[in-house]
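# What the coordinates show
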Amino acid sequence: MSSEAARRVGIAPSILTADLGRLADAVAAAEAGGADVMHIDVMDGQFVPQISFGPLIVEAVREAVSLPIEVHMMVADPLEQLEPLAEAGAGRLIFHLEATNEPQREIARARELSCEVGIAISPLTPVSALEPWLPQLDEVTVMLVYPGRGGQELIPELLDKVRELRAALDALGSDAVIEVDGGVKAHNARECAEAGASLLVAGSAVYNPNETPQAALAALRTALEEPFG
């Protein structure tokens, strides 16, 4: 991958590890540092054990930045969550394939709400399970960790799913975004991009006590532009 191609890989900071007491400052710092998308994890305590954010946080982020906002819905009933999240300011709604028996309903509803739509798959779900819906999607999120908890280490063998998905989308002529989520850091960002990812979710890699979001984002950009291998 050339440096020009690497620069086309987007970075989506996740606020899961941000200082929520200074949320507006945290997301504004990410925007100033060159983030492409703000990524908000909504967890309901059912699909995953953890409980996190909801529409009020989405609304607060929307007021603080001009960046696009995507919501990763780790919820047991995504259909009922689509409208309040869209109304709060989400421009892209990502639901889990494992959370619905009829993904077409969520896809159609997201479109009715004038949102882009994505589907996320957990580590045990094969890429082949997505095939009926791939032509309709704006984004596919491949989880590189088990969903629910921030700060986990990326599982390297799951990058094979990214390669498989890249081939499937290319065969369709689709320009859908391939997003990877979980354990993305400066030391593995380039590997994710080489596998075919075009958007990297970065949580603790951006929001951590050791550096500013701007410095962290600069490190990720530098890593993406270094020669691979």
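Quick note: structure is the one above.
First things first, this report covers the structure right here in the doc. (Residues numbered from 1 in each chain as written. Predicted model: local features only at pLDDT ≥ 70, side-chain atom pairs only at ≥ 80, totals over all residues. Heavy atoms only, no water.)

## What about the sheet that holds strand β3 (residues 69-74)?
Spelled out, the test is: One requirement defines pairing of two strands: DSSP has to find at least two bridges between them. Only DSSP runs of H or I reaching four residues or more are called helices, and only runs of E reaching two or more are called strands; each is numbered from the N terminus. Axes here refer to lines fitted to C-alpha atoms; in helices the fit is confined to the stretch in contact. Angles between the N-to-C directions go from 0 to 180 degrees.
Ordered in space as β1-β8-β7-β6-β5-β4-β3-β2, the 8 strands form an open sheet in which the pairing is parallel. Two strands bound the open sheet, and with one partner strand each, they are β1 (10-13) and β2 (38-43). Neighbour-to-neighbour, the strand axes of this sheet turn through a mean angle of 25 degrees, independent of strand direction. Relative to strand β8 (residues 199-202), strand β7 (residues 177-181) is paired through 3 bridges, and the arrangement is parallel.

## Things to note about helix α2 (residues 23-32)
What counts here: Only protein chains enter the accessibility calculation, which uses a 1.4 Å probe. A residue is then buried if its area is under 20% of the maximum for its type, exposed if over 50%, and partly exposed in between. The arc in question is the one traced by the directions running from the helix axis out to the C-beta atoms.
Every buried residue of α2 is listed here: Leu-23, Ala-26, Val-27, Ala-29 and Ala-30. Viewed end-on, α2 has its buried residues packed into an arc of 155 degrees, placing them on one side of the element. Following α2 by one or two positions, Gly-34 adopts a phi angle in the positive range, close to 100 degrees.

## Quick word on the pattern of salt bridges
To be explicit about the condition: Whenever Lys or Arg places a side-chain nitrogen within 4 Å of a carboxyl oxygen from Asp or Glu, that contact is recorded as a salt bridge.
Applying the stated criterion across every chain, the model contains 12 salt bridges. One salt bridge connects Arg-111 with Asp-138, and the closest N-O pair in it is separated by 2.7 Å. With a gap of 27 residues between them, Arg-111 in helix α5 (residues 103-112) and Asp-138 in the loop between β5 (116-121) and β6 (139-143) connect regions that are remote in the sequence. Under the relative-accessibility criterion, Arg-111 is labelled partly exposed at 35%. Look at Asp-138 and you get partly exposed, because its relative accessible area is 22%. We note a salt bridge from Arg-163 to Asp-160, for which the minimum N-O separation is 2.7 Å. Residue Arg-163 and its partner Asp-160 are both found in helix α6 (residues 159-172); the two are separated by 3 residues, about one turn of the helix. For Asp-160, a relative accessible area of 48% puts it in the partly exposed group. Linked through salt bridges whose partners overlap, the residues forming this network are Glu-70, Arg-92, Glu-116 and Glu-139.

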